[in-house]
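# Reading the structure
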Amino acid sequence: MKSLVIAEKPSVARDIARVLHCSQKGNGTMEGKDYVVTWALGHLVTLADPEEYDKKYTKWELSTLPMMPEKMKLVVIRQTSKQYNAVKTQLYRKDIGEIIIATDAGREGELVARWILAKADCHKPIKRLWISSVTDKAIRDGFAHLKNGHDYDNLYRAAQARAEADWLVGMNGTRALTCKYNAQLSCGRVQTPTLAMIARREQEIREFKPESYYGITIEAGNVRWTWRDGKSGSLRTFKKERAQEIQTKAGKGSITVTKVSRKPKKTYAPGLYDLTTLQREANQKYGFSAKETLNIMQRLYENHKVLTYPRTDSRYIGKDVVPTIKERLQACGTGPYRKLAGVLANKPIQANASFVDDKKVSDHHAIIPTEQFVQLDHMTNEERKIYDMVVRRFLSVLYPPAVYEQVSMEGTAAGETFAASGRIVKSAGWREVYEGGCQDEEEEEADRLKDQKLPALAEGQILTVESASLTNGQTKPPARFTEATLLGAMENPVHFMESHDKKAAKTLGETGGLGTVATRADIIEKLFNSFMMEKRGNEIYITSKAKQLLELVPEELKKPELTADWEMKLSDIANGKLRQDKFLTGIREYACEIVDEIKSGQGTFRHDNMTNKKCPNCGKHLLAVNGKNAKMLVCEDRECGYRETVSRTTNARCPKCHKRMEMLLKGKEETFVCQCGYKEKLSAFQARRAKEGAGVNKRDVQRYLKKQQKEANEPVNNAFAQALSGIRLD
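Here the structure is a predicted model, which is why all the values come from computation and not from measurement.

What counts and how
One numbering rule holds for all chains: residues counted from 1, following each sequence as written. Note on the predicted model: pLDDT of at least 70 is required for a residue's local features to be given, and 80 or more for side-chain atom pairs to be given and counted; whole-chain, interface and lining totals, by contrast, use all residues. Side-chain figures throughout are based on the complete set of non-hydrogen atoms in the structure, without hydrogens or water. Strands here mean DSSP runs of E at least two residues long; helices mean DSSP runs of H or I at least four residues long; both are numbered from the N terminus. Only C-alpha atoms enter the radius of gyration; for comparison, a globular chain is expected to reach 2.2 Å times N to the power 0.38, where N is the number of residues. By the convention used here, residues are in contact when the closest approach between their heavy atoms is within 4.5 Å. Working definition of accessibility: Shrake-Rupley area with a 1.4 Å probe, residue cover restricted to the visible protein chains. Any two strands between which DSSP finds at least two bridges are classified as paired. The axes are straight lines fitted to the C-alpha atoms, using for helices just the contacting stretch, and the angles between their N-to-C directions are given from 0 to 180°. Roughly parallel here means an angle under 35 degrees, roughly antiparallel means over 145, roughly perpendicular means 65 to 115, and every remaining angle is called oblique. Note that Gly is not counted as nonpolar here; it falls among the polar residues with everything else outside the nonpolar set of Ala, Val, Leu, Ile, Met, Phe, Trp, Tyr, Cys and Pro and the charged set of Asp, Glu, Lys and Arg. Geometry of aromatic contacts follows a simple scheme: Phe, Tyr and Trp rings, the Trp one being its six-membered ring, pair when their centres are within 6.5 Å, and the pair is stacked under 30 degrees between planes, edge-to-face over 60, tilted otherwise. Under the scheme applied here, a residue whose accessible area is under 20% of the maximum for its type counts as buried, over 50% as exposed, and between as partly exposed, the area being computed with a 1.4 Å probe on protein chains only. The rule is short: NZ of Lys or CZ of Arg within 6 Å of the ring centre and within 35 degrees of the ring normal puts a charge over the ring. Any pair of nitrogen or oxygen atoms within 3.5 Å is treated as a polar contact; in protein, a donor-acceptor pairing is required on top of that, and neighbouring residues in sequence qualify only through side-chain atoms on both sides. For this document, the term salt bridge refers to a Lys or Arg side-chain nitrogen within 4 Å of an Asp or Glu carboxyl oxygen. Think of a 1 Å grid over just the protein atoms. A cavity is a set of points where a 1.4 Å probe fits yet cannot get out, a pocket is an open set with protein on both sides within 12 Å along at least five of seven lines, and lining residues have an atom within 4 Å of a point. Grid points are joined across faces, edges and corners, and a volume is the space filled by probe spheres set on the points.

Here we take up the overall build of the chain. What the chain contains, in helices and strands, is 21 helices and 25 strands. Over its C-alpha atoms the chain spans a radius of gyration of 30 Å, differing by no more than 12% from the 27 Å that the globule rule assigns to 730 residues. Contacts in the chain between residues far apart in sequence, at least 24 positions, make up 73% of those at least 6 positions apart. Carbon and sulfur atoms make up 47% of the accessible area of the chain, which amounts to about 35500 Å² in all.

Overall, antiparallel pairing links the seven strands, which are arranged S15-S12-S13-S14-S11-S10-S16 in an open sheet. The open sheet has two free edges, formed respectively by strand S15 (462-464) and strand S16 (467-474), since each of these has just one partner strand. Strand-to-strand twist of the sheet, defined as the mean angle between neighbouring strand axes without regard to direction, takes the value 35°. When strand S10 (residues 212-220) meets S16, the two strands line up antiparallel, connected through eight bridges.

The seven strands lie next to each other as S19-S20-S21-S22-S23-S24-S25, forming an open sheet whose pairing is antiparallel. With partners counted over all chains shown, the strands left at the sheet margins are strand S19 (610-614) and strand S25 (679-681), one partner each. Taking the axes of each pair of neighbouring strands and ignoring which way they run, one obtains an average angle of 30° across the sheet. Bridge count for strand S23 (residues 660-664) against strand S24 (residues 671-673) is three bridges, and the pairing is antiparallel. Bridging across to S24, Met663 finds its partner in Phe672.

With that settled, consider the packing of helix H3 (residues 107-120) against helix H5 (residues 153-181). Look at H3 against H5: their axes get within 9 Å of each other, and the N-to-C directions meet at 90°. Between H3 and H5, the interaxial angle falls into the category roughly perpendicular. Here Arg107, Glu108, Glu110, Leu111, Arg114, Trp115 and Ala118 of H3 lie close against H5, whose contacting residues are Asp153, Leu155, Tyr156, Ala158, Ala159, Gln160, Arg162 and Ala163. Partitioned by chemical class, the residues of the contact of H3 with H5 number eight nonpolar, one polar and six charged.

Taken as a whole, this structure holds ten aromatic pairs when the rule is applied. On the basis of an interplanar angle of 80° and a centroid distance of 5.7 Å, the ring pair of Tyr35 and Phe143 is categorised as edge-to-face. Placement of Tyr35 in strand S4 (residues 35-39) and of Phe143 in helix H4 (residues 136-144) is noted, with a sequence separation of 108 residues between them. A residue is classified by how much of its surface remains accessible, and Phe143, at 12% relative accessible area, is buried. Seen in terms of ring centroids, Tyr301 and Tyr309 are 5.6 Å apart; in terms of plane orientation they differ by 80°. Their pairing is edge-to-face. The buried category is assigned to Tyr301, whose relative accessible area is 3%. Take Tyr309: its relative accessible area is 6%, and that puts it in the buried class. The ring centre of Tyr152 lies 6.0 Å from the NZ or CZ of Arg128, which sits over that ring. Against the face of Tyr541 rests Arg536, its NZ or CZ located 4.0 Å from the ring centre.

Moving on, we get to the side chain of Ser3. Position of Ser3 among the secondary structure elements: in strand S1 (residues 2-7). Residue Ser3 is classed as buried on the basis of its relative accessible area of 9%. Here Glu98 takes part through its side chain, which lies 2.8 Å from a polar atom of the side chain of Ser3.

Bringing the environment of Lys239 into the picture now. Residue position: Lys239 is located in the loop between strand S11 (223-228) and helix H7 (240-250). Owing to a relative accessible area of 56%, Lys239 belongs among the exposed residues under this scheme. For Lys239 and Gly215, which are 24 residues apart along the polypeptide, the C-alpha to C-alpha distance reads 9.8 Å.

Bringing unusual backbone geometry into the picture now. The linkage connecting Leu65 with the following residue, Pro66, adopts the cis geometry, with an omega of 5°. In this fold, Pro66 is placed in the loop between strand S5 (45-47) and strand S6 (74-76). Its identity as a non-glycine residue notwithstanding, Lys305 has a phi of 60°, on the positive side. Looking at where Lys305 falls in the secondary structure, it is placed in the loop between helix H9 (290-302) and helix H10 (325-332). Here the phi dihedral of Phe531 falls at roughly 60°; this positive angle occurs in a residue that is not glycine. Secondary-structure assignment places Phe531 in the loop between helix H15 (520-529) and strand S17 (533-536).

Turning our eyes to something else, we now look at the environment of Arg107. Topologically, Arg107 is positioned in helix H3. The spacing of Arg107 and Phe481 is 374 residues in sequence and 29 Å in space, taken between C-alpha atoms. In this view, Arg107 contacts Leu155, Ala158, Ala159, Arg162, Asp363, Thr516, Glu567 and Leu570; residues no more than four positions away in its chain are not counted.

Now for helix H13 (residues 483-491). Summarising burial for H13: seven of the nine residues are buried, a large majority. Among all positions of H13, only Glu483, Ala484, Leu486, Leu487, Gly488, Ala489 and Met490 are buried. If you follow the buried residues of H13, they end up packed against helix H6 (191-207), helix H8 (275-286), H9, H15, S17 and strand S18 (539-542).

What follows deals with the pattern of salt bridges. As enumerated under the stated definition, the model contains 42 salt bridges in all. Taking the shortest distance from any N to any O, the salt bridge between Glu567 and Arg107 comes out at 3.4 Å. Highlighted residues: Glu567 in helix H17 (residues 560-574) and Arg107 in helix H3, separated in sequence by 460 residues. Exposure class is identical for Glu567 and Arg107. Each is buried.

This part covers empty space enclosed by the protein. Applying the stated criterion across every chain yields a total of one cavity of 30 Å³ or more. Considering only enclosed or pocket space, the largest cavity measures out at about 110 Å³ in volume. Around the largest cavity, the lining comprises 13 residues; the ones closest to its centre are Ala102, Thr103, Asp104, Ile131 and Tyr301. The residue makeup of the lining of the largest cavity, split by class, is nine nonpolar, two polar and two charged.

Okay, structure coming up:
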């Protein structure tokens, strides 16, 4: 008898097939002596649309809500039905004795395979391949230690409960809002609290009133001394008269050195990357969106096989990974990392609790290099950047701490305290990996002394004050969200909780905040694509549509506490502490409450972005919207769904002001337009760039635009998104 292996994607299936010596190609399979390898394409099966339960749901009407199917149905996704049928054929082969689930090792990966088995009504014995990387070595080790598939039954129940709960709340809430206000509105337990966080930040910015503050510095003994309040320890005061008085008095006399301290200090390397931290830093460093970083990581994991599984929420590795570190150093020790990795490879590995902790590893350990030898010249520029970030972080935790001597001085002038600070580097330690170019993870405080080069001074020494100056500034409002800071807020939304419930805050911390590492990038993309938020530069603004939605949506859906409650219960289901049916009974009651609240709502929705242009399909007005990378016109009628692109943001730079230009897509020929007023036809742009030696042709530009279009229209790859795939949410 043979074993049927079900992988999540064709690329992973090919790798497994190669390791298992399955070289005979069939219809959606690769077969060998002992194994048949087949694959899914993400989800092949999903929850049925409402109209599958009752034809009355075909028409969107408030009177048919709430929709509460007695038993949730599974349907084959039409676009990938061919592959589903290929898998089903293999499941029912008489010579297939067992099924080996080799989908991604996590909640959603478990659901991909189990739904296929459930839809096909297959009850053959199951085993589970649970690995964090797809190198040949990891695959061989995984197959040597296959788990009993039923050990993951509770994980499947949790995944199924999550999908059904999202369907019940999302489908009912979205239909109720859309029908009630005749606008393309949607809600969900993650996207709505995310919008509410951005709205709250914008409110904080609007209500913020800047205050002027003042500081005093004096120059004495080749040292720049900064005034420090004797009571509060602050380096600034909000009283201008007081600051001027101190400046006048201190500038006329001398300063007596009252304290000189020298303390040896250490700083340790920042922790290894989980996906959210990597997405945040890639956005800050390179401007990559969360989705772009995840896609790049996926290629480095699946295609190049040089990094471990990307969708992880852990920043630690387990003790079982430590013996493989030297092999990983040899694999990545090439090019710019040869010398850095070589130093470590020749010494015993110093593993410590700062990055090795079994208790802090969930389904997968932190993102680190694999044992696969790397070929940097086979990577794109973007892949090199992400790979560089991961490798340097991996190397840095293996290096010793940076050691320096912190020198602090205090002095008294005119009865006031002044201070100065400096540091002397003794050993660069882990900072060598970054060649001095890495900032500590903790943001520097605004109200702190800046380090300077200090001369040798002794306590009691009296120095003549050469000059005294007044500094001033204004307090700043909270910064608007960027993708990096929004990811951080989604991961830790405690600050945005209204209840200040300590238990809920703890739950949010333990469950990873809003969404999961696997879904946050998709949620952000969905909010851009449904025109709930837009980018201006790197900053994120919510649209009028989102502001109105937050006024109309039930209050409970806007709170991060809802997700905290769900995730804790789903975790309990996965750990066998809570019954799935008990959780879903509560969800059904909650979905009914949402629908009732929306039905009885007294609010209104008004399109304030309506243009005078008419839809060529239905004749209704078009709405002007800003997508993430484009400006578009979309039909106001949700059932029509017409949309056209007016212009796209490009990477082409204006020759005058060097800012990014937009490409207008109307007319006989595309035109580049800059906000400074500069315009240039595509043909002229190509001629100029060719003259400059850039070699950009029309095909390159079109390829770039098609890539952007594909990314903009890429659906969220989860069960709930597939269930909503027939609904056009603008």
